[in-house]
Amino acid sequence: MWGLLFGSGVGSGFAARLLRKSLESRAQGPLAPLQRHPVVALTFDDLPASGGLSPDETRVGILTRLAQELKANHLKGTYGFVTGNDLPGDPDSQQALRVWVRVGMNIGNHTFSHPSLTTSTPAAFEHEIALNEPLLSRYAGKRDWHWFRYPYLEEGETPQKRSAVRDWLHAHGYRVAEVTLTFEDDDWSDPYDRCRAKHNEAEIEWLKQSYLENATEFIRLGREEEQIAFGHEIPSVLVLHATAMTTLMLPSLLDQLREQGFRFTSLARAERNPAYALDPGVGIADGGPLTNEFLNARHLRYPPFQPEPVQRLNSVCQ
Ligand SMILES: [Zn+2]
């Protein structure tokens, strides 16, 4: 089992020892209290055109507000992961991405057209990454765009496929932008657009409230999963999406995170933690955060959680 966990070429001996030690000391019983001052790096997926677009919105408007809010909160250098196929022939998206970078944010590679690795061959997937590079290079200028976020967080359904794509990424100078925290913020995007179209203020209030409640619940869950996977919380990486709803909610979300004791860091600094150099050594068909890969690989129990209000999200303002 350990051989499987620490597959070939994975991480340092130090990292492996650290995980072993922490797993030995970890009983799958009560969890330790959460840290008073956890650390998180925010990241945004699906730039420049995440989610739908209300008739009174533009991509420039959304990404300008998002980037300005991040800058106002001293979060310059935040990474947004770009799929280039939204750019050609769409001046609004092109300008939005220019603004994002000009305000001081970074961009990384999210493939050209967001394919699923589970249903792609490694060669086709690598071609998709390479296809995106000229656009990234043009928009990023001198900034470091060699960070890669897997679409759907799918990293390969067999160890061989996983290693093949990772080897290609490393050979091409990429680091993998892993995720440890997600609350599926993009699931609020379509409902929000529908409720706006109907001017349904009462339901928009419910969307705002449930967005923050869901964030609290799933961020707690993610931190507990880190404890189970690694024996302790690590500097987290939160995935968000550059939607109108998340742009609207970002000030409240940042307030809430601060109230929970969070401090903010960069993606590069978060991933200096040795846990990010570990490899679960198994293939997983369904995408998910890094922590889930370790829990699934080792058949560990997930902590209980209050599920997302999927039914109401699907029916609200229909
Ligand atoms: Zn994506």
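Residues numbered from 1 in each chain as written. Predicted model: local features only at pLDDT ≥ 70, side-chain atom pairs only at ≥ 80, totals over all residues.

Looking at this structure, how should I read helix H3 (residues 59–72)?
An α-helical segment advances 3.6 residues per turn. Residues three or four places apart therefore align on the same side. Taking 1.5 Å of rise per residue, the 14 residues of H3 would be expected to cover 20 Å, and the 20 Å separating its terminal C-alpha atoms lies within 8% of that figure. Taken residue by residue, H3 has Arg59, Ile62, Leu63, Leu66, Ala67 and Leu70 as its buried positions. The buried residues of H3 occupy an angular sector of 115° when the element is viewed end-on, so they sit on one face. Residues of H3 that are buried make contact with helix H4 (91–103) and helix H9 (244–259). (Helix = DSSP H or I, 4+ residues; strand = E, 2+ residues; numbered from the N terminus. Expected span 1.5 Å × (residues − 1). Buried ≥ 20, exposed ≤ 12 C-beta atoms within 10 Å, placed from the backbone. Arc of directions from axis to C-beta. Contact = placed C-beta atoms within 7 Å.)

Mind showing me how you'd approach the packing of helix H5 (residues 122–140) against helix H6 (residues 159–171) here?
Between two packed helices, both the angle of their axes relative to each other and the distance between the axes serve to describe the pair. Contact geometry for H5 and H6: axes closest at 10 Å, N-to-C directions at 30°. Between H5 and H6, the angle is such that the two are roughly parallel. In this structure, H5 crosses over H6, and the sense of that crossing is right-handed. Taken together, the residues of H6 that come into contact with H5 (itself represented by Pro122, Phe125 and Glu126) are Lys161, Ala164, Val165 and Trp168. (Axes fitted to C-alpha atoms, helices over the stretch in contact; angles between N-to-C directions. Parallel < 35°, antiparallel > 145°, perpendicular 65-115°, else oblique. Left-handed = near helix turned anticlockwise from the far one by under 90°.)

Help me understand the confidence of the model for the protein chain, please; the structure alone is not making it clear to me.
Low pLDDT marks stretches whose predicted atomic positions should not be read closely. Across the protein chain, the average pLDDT comes to 91, with 91% of residues at or above 70. Across residues 1–27, confidence stays below pLDDT 50; counting only partners more than four residues off in sequence or on other chains, it has 32 contacts. (pLDDT = per-residue confidence, 0-100.)

It is not clear to me how the pairing of strand E1 (residues 39–47) should be interpreted in this structure. Could you clarify?
Here is the key point about a regular strand: its side chains alternate between the two faces of the sheet. Most of E1 sits inside the fold, with 8 of its 9 residues counted as buried. Summarising the sheet, E1 and strand E8 (residues 263–264) pair through 2 bridges and their orientation is parallel. If you follow Val40 over to E8, its bridge partner there is Phe264. Where E1 lies against strand E7 (residues 236–241), 6 bridges are found, and the strand directions are parallel. Note on E7: the bridge partner recorded for Phe44 is Leu240. For the handedness criterion, the β-α-β arrangement of E1, H3 and strand E2 (residues 79–82) is classed as right-handed. (Pairing = 2+ DSSP bridges. Right-handed = clockwise from strand over helix to strand, strands pointing away.)

Looking at this structure, I do not really get unusual backbone geometry. What am I missing?
The phi angle of most residues is negative, glycine excepted, and most peptide bonds adopt the trans form. The omega torsion across Leu47 and Pro48 is 5°, close enough to zero to call that bond cis. Mapped onto the elements, Pro48 comes out in the loop between E1 and H3. You will see that His74, though not glycine, has its phi angle at about 60°, which is positive. In this structure, His74 sits in the loop between H3 and E2. Its identity is not glycine, yet His299 carries a phi of approximately 55°, on the positive side. Its location among the elements puts His299 in the loop between helix H11 (290–297) and helix H12 (310–315). Judged by the 6 C-beta atoms lying within 10 Å of it, His299 is exposed.

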